[in-house]
Structure formats: C-alpha cells, structure tokens
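Fold and contact review
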Amino acid sequence: MASRPKTSSTRLHPETGEALRRGVRPFTVTYRGRSKSVRQPGWYPEGGGDALFEGRDLEVAEVALEELKSLDRKAMAKQVKTARQRLKLSQRRAGMILGGGPRAFQKYESGEVAPSEPMRILLWLLERDPGLLDVLPERLKDREPG
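Note that this is a predicted model, so its numbers are computed, not measured. (Residues numbered from 1 in each chain as written. Predicted model: local features only at pLDDT ≥ 70, side-chain atom pairs only at ≥ 80, totals over all residues. Heavy atoms only, no water.)

Concerning the nonpolar core
Counting 15 residues, the largest nonpolar core has Leu89, Leu98, Phe105, Leu123 and Leu133 as its most contacted members. The residues touching Leu123, leaving out its near neighbours within four places in the chain, are Val80, Ala83, Leu98 and Phe105. (Core = buried A, V, L, I, M, F, W, Y, C linked by side-chain atoms within 4.5 Å. Buried < 20%, exposed > 50% of the residue type's maximum accessible area, 1.4 Å probe, protein only. Contact = heavy atoms within 4.5 Å.)

Structural data, given as structure tokens:
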C-alpha cells in the first residue's frame, strides 16, 4: 500500500520570501452592502502580511459571494415586480416599453437575470413619478407586445 506524501504546514511566500503557515482565519465577503463572514483557509504569515490562497481555499469565499449575489437578485426581483405592478404594466408590456424585450421582466422577477443599472434607475424614477410614462415617445407606448 502506497503512502500519501506528507504536506508541510509551512512554506515561503513566493514574492516576499516570508514564512507562511497553513491555517484558517475569519474573512468577511461583502457584496452590495451585504456581508457574510467565513472561515477562510490559506497560507498566512506570522506578522500579518499578504496571505496566499490556492485551489480549494478560493472556493470558500466564492461560495459566500454567490450566496450574497443570490440574496441580492431575490431582493432586486421583488423590487422590480413591485415597481412594474405599481405602473400597472404586464411583464410583456414593461419589457416592450421600457426595454429588454417581451421576456425581460419575467427574467428580472424570477431572479434569473439582474436588470442593468440604467433599468434599475429608470424603474426607480418611474416608481416615484408614474406620470413619466406619459413622456415616453409614442412609438414605444404603441408597440404591440410579442
């Protein structure tokens, strides 16, 4: 039976030459104002310089980031739906008038796709002043859905 090679719990930083020790430390991942603390494995210097993360180490923060993005998409989906309903537009009609096409709002409201920053701003403005729909060019308002 072959034995697995032992891995060292210390190594040198490839750029600084500083001694690094394998460990786990608290790390906070932040995305759009939301934060999640994780226990981040990696190679850490004794004096608090640059840590080194590789391979599976990186997955810990990536998973936390994806969780935060998912929460953000869900919150955004709810905001988009609320704005569209206040404007008394169907999903298809909103996509045709405001842009993105006939299925855009279905995708926004399901969280499948996040609306662009300009679309979020447009919805924010329209939600605060629905009368702005009246100033859109007639050619947009008269388009048939589908």
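Text resumes after the structure shown.
Focus: the pairing of strand 2 (residues 19–31)
In the sheet, strand 1 (residues 10–12) pairs with strand 2 via 3 bridges, with the strands oriented antiparallel. From the neighbouring strand, Thr10 faces strand 2, where its bridge partner is Arg21. In sequence, strand 1 turns back onto strand 2 through a hairpin of 6 residues, with Gly17 there showing a positive phi of about 75°. One ladder, built from 12 bridges, connects strand 2 with strand 3 (residues 34–45); its direction is antiparallel. Directly across from Tyr31, in strand 3, lies its bridge partner Arg34. Taking the residues that link successive antiparallel strands as the turn, the strand 2-strand 3 hairpin has 2 residues, and the phi of Arg32 there is positive, at about 45°. (Pairing = 2+ DSSP bridges. Helix = DSSP H or I, 4+ residues; strand = E, 2+ residues; numbered from the N terminus.)

Focus on unusual backbone geometry
Note: most residues except glycine have negative phi, and most peptide bonds are trans. If you check the backbone angles, Arg32 has positive phi at about 45° while not being a glycine. Checked against the element boundaries, Arg32 lands in the loop between strand 2 and strand 3.

Focus: the sheet that holds strand 3
One open sheet accounts for 3 strands, arranged 1-2-3; its pairing is antiparallel. The outermost strands of the open sheet, each flanked by one partner alone, are strand 1 and strand 3. This sheet shows a mean twist of 50° between the axes of neighbouring strands, independent of strand direction. Its contacts with the sheet place helix 1 (residues 56–86) against strand 2 and strand 3, and it is angled at close to 170° to strand 3. (Axes fitted to C-alpha atoms, helices over the stretch in contact; angles between N-to-C directions.)

A short note on the environment of Arg56
Checked against the element boundaries, Arg56 lands in helix 1. Arg56 sits in the exposed class, given a relative accessible area of 68%. Taking the C-alpha atoms as reference, Arg56 lies 9.2 Å from Gly42; in sequence the two are 14 residues apart.

What about helix 4 (residues 117–128)?
Given a rise of 1.5 Å per residue, 12 residues ought to cover 16 Å, and the 17 Å separating the end C-alpha atoms of helix 4 matches this to within 8%. Along its buried surface, helix 4 packs onto helix 1, helix 2 (91–98) and helix 3 (104–110). (Expected span 1.5 Å × (residues − 1).)

Concerning the packing of aromatic side chains
Across all of its chains, the model carries 2 aromatic pairs by this definition. Seen from their ring centres, Tyr44 and Phe53 are 5.9 Å apart, and the 75° between their planes marks the pair as edge-to-face. With relative accessibility at 30%, the residue Phe53 sits in the partly exposed group. Ring plane angle 70° and centroid distance 5.1 Å describe the contact between Phe105 and Tyr108, whose orientation is recorded as edge-to-face. (Phe/Tyr/Trp six-rings, centres within 6.5 Å; stacked < 30°, edge-to-face > 60°.)

Here's the deal with the side chain of Glu109
Mapped onto the elements of the fold, Glu109 is located in helix 3. Residue Glu109 is classed as buried on the basis of its relative accessible area, which comes to 15%. Excluding residues within four positions of it along the chain, Glu109 makes contact with Ala77, Val80, Lys81, Arg84 and Gln91.

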